[in-house]
Amino acid sequence: MTEEFASRVSITSKSGLNAIYPSHDPEMISFTGGFPDASLFPTQELGDSFQNVISGKQTPFQYQIGEESEPLRNQISQLLAADGTQVDASKIMVTQGAQQGLDLVAKLLINKGDGLVVEGPTYIGALAAFDAYEPTYYTVGMEEDGMNLVDLKKILIQQHVKLIYTIPDFQNPTGTVMSLAKRKQLVELANRYDVLLLEDAPYRWLRYEGESLPTLKSLDTQDRVIQLGSFSKILAPALRLGWLTAGNDLFERLQELKGGSDLETSSLMIQTVDYYLTHYDLNEHLGKLQKSYQVKRNAMMNAMERYLPDFAHYTKPQGGFFTWLTVPEDLDLEKVQNNQLKPSFHVMMIPSTNLFPDKTHRNGARISFSNVTLSQIDLGIQRLSNGLSSGHQKRSV
């Protein structure tokens, strides 16, 4: 029997997502996955919350479509309001992580060939979600203060674009922050050219220095911004809880799509997180995360300054999990990783190949400092530097 799969299968199978998972090499130091530090999970508090939910008067194990999420949606609304973004709880959808939000938005808006703007480089998981709907990608390069809006405007003038996807805060993978001026200009451009904005904000509460800037959602005047958030980076990924906010018409359509996808997000996890937020201090927990990750960020910056060869450059993030490495254009970091870094130096990163839609950019790499120890950061960057120098020499021969 011959099986004929949908065209999206062959497209999404080339996303490169498997590269973020840990290596089985016991000597390997991996800077690949954007995983939180497991030692920082509020394990006792979440466990207590779970136990209180399952021992409560009402069973949490039955279908509870639409009923279970209102308390948590109210909590999220308050969390967003404290951050300067006013969203009514009735316009908040609890999702299976922010990743489901990416898929739902693409499913709602993108037909084959539709214009979709992404930052270059961008989040590998977003490209994996978008690829299934076969958009026409337009890639806008990143600058120190966010995407290049001069290039974006040219695209909007010349092409029909339905959606712009951006990570304004501690962008994955570069770690950069979009400036306030660019945030305002981006919203104005979306209004002028009748385009929707998808604001992905999983790292927003992980700022280690500098002043917090308004979300795109808070600057939205025409209900053009769809915003995604997540508990994965600030509580624990295994909860698989995120949220989505959007204007009335968009929100109703997204709700309909979600019902056809999963009926409901786990009511057990929803009630557990609601209990945690009610009985424990999230701000205190966030403070612990910020201090711990700042130490790791500082260790990464110090190691890079100390060990990296002169031809390598890197970003200096104010928050989030990542720094972005760039080398001369004729040095292919995917080949360097496969031929030198992994087999000989036992260190890994995410080469830029799969972080651009066209998969032709090969001289960049995402490096994560969130889920490695301080000693691994120092030793791993030494190994990385030695491997880069080896690859650079081999290229020159």
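Residues numbered from 1 in each chain as written. Predicted model: local features only at pLDDT ≥ 70, side-chain atom pairs only at ≥ 80, totals over all residues. Heavy atoms only, no water.

**Q** Quick question: what am I supposed to make of the pairing of strand β6 (residues 161-166) here?
**A** Residues in a regular strand project their side chains so that they alternate between the two faces of the sheet. Burial within β6 is extensive, with five of its six residues counted as buried. In this structure, strand β3 (residues 115-120) lies alongside β6, joined through three bridges in parallel fashion. Pairing of Gly115 across the sheet is with Val161, part of β6. For β6 and strand β7 (residues 196-200), the ladder comprises four bridges, and the chain directions are parallel. If you follow Ile164 over to β7, its bridge partner there is Leu197. Regarding topology, helix α7 (residues 180-192) serves as the crossover connection from β6 to the parallel β7, and that connection is right-handed. (Buried < 20%, exposed > 50% of the residue type's maximum accessible area, 1.4 Å probe, protein only. Helix = DSSP H or I, 4+ residues; strand = E, 2+ residues; numbered from the N terminus. Pairing = 2+ DSSP bridges. Right-handed = clockwise from strand over helix to strand, strands pointing away.)

**Q** Any chance you could explain helix α10 (residues 267-279) here in plain terms?
**A** For an α-helix, 3.6 residues make a turn, and residues three or four places apart therefore share a direction. Given a rise of 1.5 Å per residue, 13 residues ought to cover 18 Å, and the 18 Å separating the end C-alpha atoms of α10 matches this to within 8%. Extensive coverage of α10 is indicated by the burial of ten of its 13 residues. For α10, the full list of buried residues reads Ser267, Leu268, Met269, Ile270, Thr272, Val273, Asp274, Tyr275, Tyr276 and Leu277. Turning to α10, the residues buried within the fold contact α2 (43-54), α3 (70-82), β2 (92-95) and α11 (282-307). (Expected span 1.5 Å × (residues − 1). Contact = heavy atoms within 4.5 Å.)

**Q** Can you walk me through the pattern of salt bridges in this structure?
**A** Any two side chains of opposite charge can pair, on the condition that their charged atoms come close. Enumeration according to the criterion identifies 16 salt bridges in this entry. For Lys162, the salt bridge is made with Asp114, and the minimal N-O distance between the two is 3.0 Å. Of this pair, Lys162 sits in strand β6 while Asp114 sits in the loop between α4 (97-109) and β3, and the two are 48 residues apart along the sequence. Between Asp332 and Arg362 there is a salt bridge whose closest N-O contact spans 3.9 Å. Taken together, the residues Asp332 in the loop between β11 (322-326) and α12 (333-345) and Arg362 in the loop between β13 (350-351) and β14 (364-368) connect sequence positions 30 residues apart. Asp332 sits in the buried class, given a relative accessible area of 15%. Connected through salt bridges with shared partners, the residues Asp83, Asp169, Arg183 and Arg204 form a single ionic network. (Salt bridge = Lys/Arg side-chain N within 4 Å of Asp/Glu carboxyl O.)

**Q** Sorry if this is basic, but what is going on with α3 here?
**A** Here α3 is 13 residues long and its end C-alpha atoms lie 18 Å apart, about the 18 Å a rise of 1.5 Å per residue gives. Along α3, the residues classified as buried are Leu72, Arg73, Gln75, Ile76, Ser77, Leu79 and Leu80.

**Q** What am I meant to see in the environment of Trp324 here?
**A** With respect to the element layout, Trp324 can be found in strand β11. Judged by relative accessible area, which is 9%, Trp324 ranks as buried. The spacing of Trp324 and Ile367 is 43 residues in sequence and 6.2 Å in space, taken between C-alpha atoms. Setting aside anything within four residues of it in sequence, one finds Trp324 in contact with Pro121, Pro173, Thr174, His313, Tyr314, Thr315, Ser352, Leu355, Phe356, Gly364, Ala365 and Arg366.

**Q** I would appreciate a short explanation of the nonpolar core in the present structure.
**A** The nonpolar side chains of a soluble globular protein tend to be buried, and buried together. Ranked by size, the top nonpolar core spans 63 residues in total, and within it Leu72, Phe231, Leu241, Met300, Leu325, Leu333 and Leu384 carry the most contacts. Element by element, the count of residues in this core is highest for α11, at nine residues. Residues within four places of Leu72 in sequence aside, it is in contact with Val94, Phe231, Leu241, Ile270, Val273, Asp274 and Leu277. Judged by nonpolar contacts, the second largest core, of 29 residues, contains Leu104, Tyr133, Ala246 and Leu254. (Core = buried A, V, L, I, M, F, W, Y, C linked by side-chain atoms within 4.5 Å.)

**Q** Looking at this structure, I do not really get the side chain of Thr245. What am I missing?
**A** Here Thr245 shows up in strand β9 (residues 242-245). When residues no more than four places from it in sequence are discounted, the contact partners of Thr245 are Leu80, Val87, Lys91, Ile92, Lys217, Val225, Ile226 and Gln227.

**Q** Just to check I follow, could you spell out the packing of aromatic side chains for this structure?
**A** Pairs of aromatic rings are described using the distance from one ring centre to the other and the angle between the two planes. Overall, the coordinates contain eight aromatic pairs when judged by the stated rule. On the basis of an interplanar angle of 65° and a centroid distance of 5.5 Å, the ring pair of Tyr203 and Phe321 is categorised as edge-to-face. Separated by 118 residues along the polypeptide, Tyr203 in the loop between β7 and α8 (216-219) and Phe321 in the loop between β10 (313-314) and β11 bring together distant segments of the chain. Each member of the pair, Tyr203 as well as Phe321, carries the same accessibility label: buried. (Phe/Tyr/Trp six-rings, centres within 6.5 Å; stacked < 30°, edge-to-face > 60°.)

**Q** Mind showing me how you'd approach the packing of α4 against helix α5 (residues 124-131) here?
**A** What describes two packed helices is the angle between their axes and the distance between those same axes. For the pair α4 and α5, the least separation of the axes is 9 Å and the interaxial angle reads 35°. Read as a crossing pair, α4 and α5 show a hand that is right-handed. Residues Gln99, Leu102, Asp103 and Ala106 of α4 lie in contact with α5, whose contacting residues are Gly125, Ala126, Ala129 and Phe130. Residues belonging to the contact of α4 with α5 are distributed by class as follows: five nonpolar, two polar and one charged. (Axes fitted to C-alpha atoms, helices over the stretch in contact; angles between N-to-C directions. Left-handed = near helix turned anticlockwise from the far one by under 90°. Nonpolar A, V, L, I, M, F, W, Y, C, P; charged D, E, K, R; others polar.)

**Q** Where do I start with the side chain of Thr166 in this structure?
**A** Following the sequence through the fold, Thr166 ends up in strand β6. Residue classification places Thr166 among the buried positions, given a relative accessible area of 0%. Within the structure, Thr166 has its side chain in polar contact with the side chain of Glu119 (distance 2.6 Å). (Polar contact = N/O pair within 3.5 Å; in protein donor to acceptor, adjacent residues only side chain to side chain.)

**Q** I keep staring at the sheet that holds β14 and nothing clicks. Help me out?
**A** Think of a sheet as strands paired side by side through backbone hydrogen bonds, with each pair either parallel or antiparallel. Read from one edge of the open sheet, four strands run β10-β11-β14-β13, paired in antiparallel fashion. Two strands in the sheet have a free side with no partner beyond their single neighbour: β10 and β13.

**Q** I tried to follow the environment of Ser55 on my own but got confused; where do I start?
**A** As for its position among the elements, Ser55 is in the loop between α2 and α3. At 2.7 Å, the side chain of Ser55 forms a polar contact with the backbone oxygen of Gln51.

**Q** Can you walk me through the packing of α2 against α10 in this structure?
**A** Remark: α2 packs on α10, axes separated minimally by 8 Å, with the N-to-C direction vectors making an angle of 120°. Classified by the interaxial angle, the pair formed by α2 and α10 is oblique. Along this stretch, α2 crosses α10, giving a crossing that reads as right-handed. Counted together, Glu45, Leu46, Asp48, Ser49, Phe50, Asn52, Val53 and Ile54 of α2 and Leu268, Met269, Gln271, Thr272, Tyr275 and Tyr276 of α10 form the full contact between these two elements. Broken down by class, the residue content of the contact of α2 with α10 amounts to eight nonpolar, four polar and two charged. (Parallel < 35°, antiparallel > 145°, perpendicular 65-115°, else oblique.)

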